[in-house]
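Listed here are the chains, written in short residue letters.
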Amino acid sequence: MSNRSPRRAPQGATRRAAPMALSRFDRWLNRLVSVSVSVALVVGAVALLLTLLVR
């Protein structure tokens, strides 16, 4: 038999807060940052390929 009760609270040092609802501006800003990072990665990859191919 187990001594654990079925309603035992989860153990752990850190309690997780409920996720906050993002405002419309936060979602827009997240999308803008994601697109900017993606464009920067593509531009960097193209520049690297051109540098390696031109030599």
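For the structure itself, consult the block above.
Residues numbered from 1 in each chain as written. Predicted model: local features only at pLDDT ≥ 70, side-chain atom pairs only at ≥ 80, totals over all residues. Heavy atoms only, no water.

Engineer: Any chance you could explain the overall build of the chain here in plain terms?
Structural biologist: If you tally the helices and strands in the chain, you get one helix and zero strands. Taken across its 55 residues, the chain has 0% of its residues classed as buried. Summed over all atoms, the accessible surface of the chain reaches about 6,100 Å², with 62% contributed by carbon and sulfur. (Helix = DSSP H or I, 4+ residues; strand = E, 2+ residues; numbered from the N terminus. Buried < 20%, exposed > 50% of the residue type's maximum accessible area, 1.4 Å probe, protein only. Areas by Shrake-Rupley, 256 points an atom, 1.4 Å probe, with all protein chains shown as cover.)

Engineer: Where do I start with a nonpolar patch on the surface in this structure?
Structural biologist: A surface patch of nonpolar side chains, amounting to about 690 Å² of accessible area, comprises Phe25, Trp28, Leu29, Leu32, Val33, Val37 and Leu41. Position of tryptophan 28 relative to the elements: it lies in helix 1 (residues 24-54). (Patch = residues over 30% accessible without salt bridge, like charges linked within 9 Å, V, L, I, M, F, W, Y side chains within 5 Å. Salt bridge = Lys/Arg side-chain N within 4 Å of Asp/Glu carboxyl O.)

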